Amino acid sequence: MTHPVPNFHIYVPVGVTKAGRELFRMAVKSILRKFADAEKKHDWKDLFLTAPEIDVQRSFHNHVEKGDPRDVAIFCFIMIFRGWVIKSKEQK
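This write-up is about the structure you can find in this document. (Residues numbered from 1 in each chain as written. Predicted model: local features only at pLDDT ≥ 70, side-chain atom pairs only at ≥ 80, totals over all residues. Heavy atoms only, no water.)

**A look at the packing of aromatic side chains**
What characterises a pair of aromatic rings is the spacing of the ring centres plus the angle enclosed by the ring planes.
Thinking step 1. A full pass over the atoms with the stated rule returns two aromatic pairs.
Thinking step 2. With a centroid separation of 5.7 Å and 70 degrees between ring planes, the pair formed by Phe35 and Phe48 is classed as edge-to-face. Placement of the pair is Phe35 in helix 1 (residues 18-42) and Phe48 in the loop between helix 1 and helix 2 (53-66), with a sequence separation of 13 residues.
Thinking step 3. Judged by its relative accessible area of 18%, Phe35 is buried.
Thinking step 4. Between Phe48 and Phe81, the aromatic rings sit 6.1 Å apart at their centres with planes inclined by 70 degrees, giving edge-to-face as the arrangement. Of the two residues, Phe48 is situated in the loop between helix 1 and helix 2 and Phe81 in helix 3 (residues 69-82); the sequence distance between them amounts to 33 residues. (Phe/Tyr/Trp six-rings, centres within 6.5 Å; stacked < 30°, edge-to-face > 60°. Helix = DSSP H or I, 4+ residues; strand = E, 2+ residues; numbered from the N terminus. Buried < 20%, exposed > 50% of the residue type's maximum accessible area, 1.4 Å probe, protein only.)

**Notes on the pattern of salt bridges**
Thinking step 1. A full pass over the atoms with the stated rule returns seven salt bridges.
Thinking step 2. With its nearest N and O atoms 3.8 Å apart, the salt bridge here joins Lys34 to Asp71. Of this pair, Lys34 sits in helix 1 while Asp71 sits in helix 3, and the two are 37 residues apart along the sequence.
Thinking step 3. Residue class for Asp71 comes out buried when judged on its relative accessible area of 15%.
Thinking step 4. Salt-bridge contacts for Glu53 lead to Lys87; the nearest nitrogen and oxygen are separated by 3.4 Å. Within this pair, whereas Glu53 is found in helix 2, its partner Lys87 is found in the segment after helix 3, the two being separated by 34 residues in sequence.
Thinking step 5. Looking at Glu53, the relative accessible area reads 23%, which means it is partly exposed.
Thinking step 6. Via salt bridges that share partners, Lys34, Asp68, Arg70 and Asp71 belong to a single interconnected network. (Salt bridge = Lys/Arg side-chain N within 4 Å of Asp/Glu carboxyl O.)

**So, helix 1**
Thinking step 1. Helix length check: helix 1, at 25 residues, gives a terminal C-alpha distance of 36 Å against a target of 36 Å (1.5 Å per residue), a fit within 8%.
Thinking step 2. Taken residue by residue, helix 1 has Gly20, Ile31, Phe35 and Ala38 as its buried positions.
Thinking step 3. Looking at the buried side of helix 1, the elements it contacts are helix 3. (Expected span 1.5 Å × (residues − 1). Contact = heavy atoms within 4.5 Å.)

**Examining helix 2**
Thinking step 1. Taking 1.5 Å per residue as the helical rise, helix 2 with its 14 residues ought to reach 20 Å, and the 20 Å between its terminal C-alpha atoms agrees with that figure.
Thinking step 2. Looking at the buried residues of helix 2, the elements they touch are helix 3.
Thinking step 3. Following helix 2 by one or two positions, Gly67 adopts a phi angle in the positive range, close to 100 degrees.

**A look at the layout of surface pockets**
Thinking step 1. Empty space within the second largest pocket amounts to approximately 380 Å³.
Thinking step 2. Lining the second largest pocket are 19 residues, with Ala38, His42, Trp44, His63 and Phe75 sitting closest to its centre.
Thinking step 3. Tallied by class, the residues present in the lining of the second largest pocket amount to 10 nonpolar, three polar and six charged. (1 Å grid on protein atoms, 1.4 Å probe; cavity = no way out; pocket = protein on both sides within 12 Å on 5 of 7 lines; lining within 4 Å. Points joined across faces, edges and corners; volume = space filled by probe spheres on them. Nonpolar A, V, L, I, M, F, W, Y, C, P; charged D, E, K, R; others polar.)

This is the structure:
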């Protein structure tokens, strides 16, 4: 299912090839679709802004085991946004 959203633009550093730009454009588009579906399905309401780190880390590791890289990417984006690093399961 696609969700119509306004286009947004990002700065692409000099030296990123056309193929590299296309890779990230397609990946982010796919990840955003997955994220929108998850927000709606789970009624998140911007929960990623306030979720405790331990919950995000746990969800990240659970989704790695499930195998969908889009879900993993969503949790990576959240950790990047929040300034966290990925911790091993034992460190959580």
